Amino acid sequence: MLTSPFKSDVLKGRVALITGGGSGINFGIAKVFASHGADVAIMGRREEVLKAAVAELSKFGGKTFYKTGDVRDAEACEAVINATAEALGGIDILINGAAGNFLCPPEMLSSNGFKTVIDIDLNGTFNMSRCAFTHLKKSQGLIINISATLHYKGTPFQSHVSAAKAGIDALTINLAAEWGPFGIRVCGIAPGPIGDTEGMRRLAPGEIGEKLKQAIPLKRYGTTEEIGMAALFLSSSAAQYITGETLVVDGGEWLARPSPVPRELVEKMVAAQTRKEPSA
Ligand code: HXC
């Protein structure tokens, strides 16, 4: 575990609801929140995953709650949000983390395949945010949308996810502008490659993963705990004037994506250049 720069009770008395909170990055956020005093609720589709996750979260001593539901189903979102508020006494922080992904070239992707990812990632984020509005207005709360950096450039076989995440970033900005006056902050986190997650197992298995690590300026995958710490920062008073911002947490991965011109070629060209004296 990282040594946290935050007090262990920094989220005491606050309730966080995390979609997709039973595994991966979202469970990492749940653990960081629970270990800093928050009461944590998680939502997901698989009851056995949620049950096991809540058992682990309870060890931190705060209240926990889980309810199954699919973020594509607006009625289920409403039910989860109301049940969480009733069980834990309100909602202060909503983390929209539920996501779906698979690799597929756009020319092979069915309309339903595209729609499925948009439905989970983008429509799910909207459904949960809209249903949570009244509770967040009451608590003067915060939404954190989990995005990605895929759409900063074209990413092969990720047109569906890139479109969904670009939509999420737009939603983060719009909701921040529209709900700021109600006292609600809306931020995002764009994780890069994070180890031990379903996403990386799907997107960069085996040898591909090793190559990817070498291309990251910080030379390693991030951890789910590091994403949790970013979420904790955004949830803390240190970030109380930050809204509409999506924080990239990727070890510099997207900045360093390969240039179309090979580095060796640029080096040769620079070496061959003769310095010209400025004319008098
Ligand atoms: C092409 C595919 C496909 C694949 C599904 N489809 N998998 N198309 N290649 N590998 C198509 C199906 O053929 C179908 O279209 C449509 O998508 C819906 O598929 P279902 O299996 O019926 O959907 P569903 O059961 O709802 O499952 C949703 C899912 C699934 C997204 C497809 O993979 C899932 O539940 N994933 C959740 C877990 C997950 O993905 N975690 C990783 C998130 S990582 P047709 O036309 O046949 O009906 C992440 C990180 C991003 O988001 C950034 C990383 C850097």
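Keep in mind that this is a model prediction, so the values were computed, not measured.

**Thoughts on the layout of surface pockets**
Thinking step 1. In this structure, the second largest pocket spans a volume of roughly 160 Å³.
Thinking step 2. Along the wall of the second largest pocket there are 13 residues; nearest its centre are Gly 222, Glu 226, Val 249, Asp 250 and Gly 251.
Thinking step 3. Per-class residue counts for the lining of the second largest pocket are seven nonpolar, three polar and three charged.

**Quick look at the site of the ligand**
Thinking step 1. Not every one of the 18 residues close to the ligand is listed here, only the nearest: Arg 45, Arg 72, Asn 101, Ser 110 and Asn 112.
Thinking step 2. Take Asn 101: an N or O atom from its main chain is 2.8 Å from an oxygen atom of the ligand.
Thinking step 3. Between an oxygen atom of the ligand and a side-chain N or O atom of Arg 202, the distance comes to 2.9 Å.
Thinking step 4. Those elements that provide at least two residues to the shell around the ligand are α4 (111-139) and α6 (198-203).

**A look at the packing of aromatic side chains**
Thinking step 1. Taken as a whole and assessed by the stated rule, the structure comprises three aromatic pairs.
Thinking step 2. Relative to Trp 179, the ring of Phe 133 has its centre 4.8 Å away and its plane inclined at 50°; by these criteria the two rings are tilted. Of this pair, Phe 133 sits in helix α4 while Trp 179 sits in helix α5 (residues 159-179), and the two are 46 residues apart along the sequence. Pair check on accessibility: Phe 133 and Trp 179 agree, each one buried.
Thinking step 3. Ring centres 5.1 Å apart and planes at 90° place the aromatic pair Phe 133 and Phe 182 in the edge-to-face group.

**Concerning the sheet that holds strand β3 (residues 64-68)**
Thinking step 1. Strand order in the open sheet formed by seven strands is β3-β2-β1-β4-β5-β6-β7, and the pairing between neighbours is parallel. Among the strands making up the open sheet, the edge pair consists of β3 and β7 (246-249). Neighbour-to-neighbour, the strand axes of this sheet turn through a mean angle of 15°, independent of strand direction.
Thinking step 2. Bridge analysis of strand β4 (residues 93-96) against strand β5 (residues 142-146) gives four bridges, and the strand direction is parallel. Bridging across to β5, Leu 94 finds its partner in Ile 143.
Thinking step 3. Helix α2 (residues 47-58) rests against β2 (39-44) and β3 of the sheet, and its axis sits at about 175° to β3.

**Considerations on the packing of helix α1 (residues 24-34) against helix α8 (residues 224-235)**
Thinking step 1. Packing of α1 against α8 leaves a shortest axis separation of 7 Å and a crossing angle of 55°. Taken as axis vectors, α1 and α8 run oblique relative to one another. Note on packing geometry: the crossing formed by α1 with α8 is right-handed. In this structure, α1 uses Gly 24, Ile 25, Gly 28, Ile 29, Val 32 and Phe 33 to contact α8, whose residues at the interface are Thr 224, Glu 225, Ile 227, Gly 228, Met 229, Ala 231, Leu 232 and Ser 235.
Thinking step 2. A breakdown of the residues in the contact of α1 with α8 according to their chemical character gives eight nonpolar, five polar and one charged.

Definitions and limits used
- Along each chain, residue indices are assigned from 1 in the same order as the chain's sequence is written.
- Reporting of local features is limited, given that this is a predicted model, to residues whose pLDDT is at least 70; pairs of side-chain atoms are given and counted only at 80 or more, and all residues count toward the totals for whole chains, interfaces and linings.
- Excluded from the side-chain calculation are hydrogens and water; included are all heavy atoms of the structure.
- The pocket and cavity definitions rest on a 1 Å grid over protein atoms only: a 1.4 Å probe that fits but cannot leave marks a cavity, an open set with protein on both sides within 12 Å along at least five of seven lines marks a pocket, and residues lining either have an atom within 4 Å of a point.
- Grid points are joined across faces, edges and corners, and a volume is the space filled by probe spheres set on the points.
- Put simply, Ala, Val, Leu, Ile, Met, Phe, Trp, Tyr, Cys and Pro go in the nonpolar bin, Asp, Glu, Lys and Arg in the charged bin, and everything else, Gly too, in the polar bin.
- Near is defined per residue: the residue qualifies when any heavy atom it owns lies within 4 Å of the molecule or strand.
- Distance and chemistry together define a polar contact, namely a pair of N or O atoms within 3.5 Å, with one atom able to donate a hydrogen and the other to accept it when in protein, and with adjacent residues in sequence counting only for side-chain atoms on both sides.
- Each helix is a run of DSSP H or I of at least 4 residues and each strand a run of E of at least 2, with the numbering of both proceeding from the N terminus.
- Here a Phe, Tyr or Trp ring, Trp counted by its six-membered ring, pairs with any other such ring whose centre lies within 6.5 Å, and the pair is stacked when the planes are under 30 degrees apart, edge-to-face when over 60, and tilted otherwise.
- Think of it in three bands: with a 1.4 Å probe and only protein chains considered, a residue is buried below 20% of the maximum accessible area for its type, exposed above 50%, and partly exposed in between.
- Pairing between strands requires that DSSP locate at least two bridges from one strand to the other.
- A fitted line through C-alpha atoms represents every axis, and for helices the fit uses only the stretch in contact; the resulting angles, taken between N-to-C directions, go from 0 to 180 degrees.
- Residue contacts are counted whenever heavy atoms from the two residues lie within 4.5 Å of one another.
- Every angle not falling under 35 degrees, over 145, or within 65 to 115 is termed oblique; those three ranges are roughly parallel, roughly antiparallel and roughly perpendicular.
- Whether a crossing is left-handed or right-handed is set by the direction in which the near helix is turned from the far one by less than a right angle, anticlockwise for left-handed and clockwise for right-handed.

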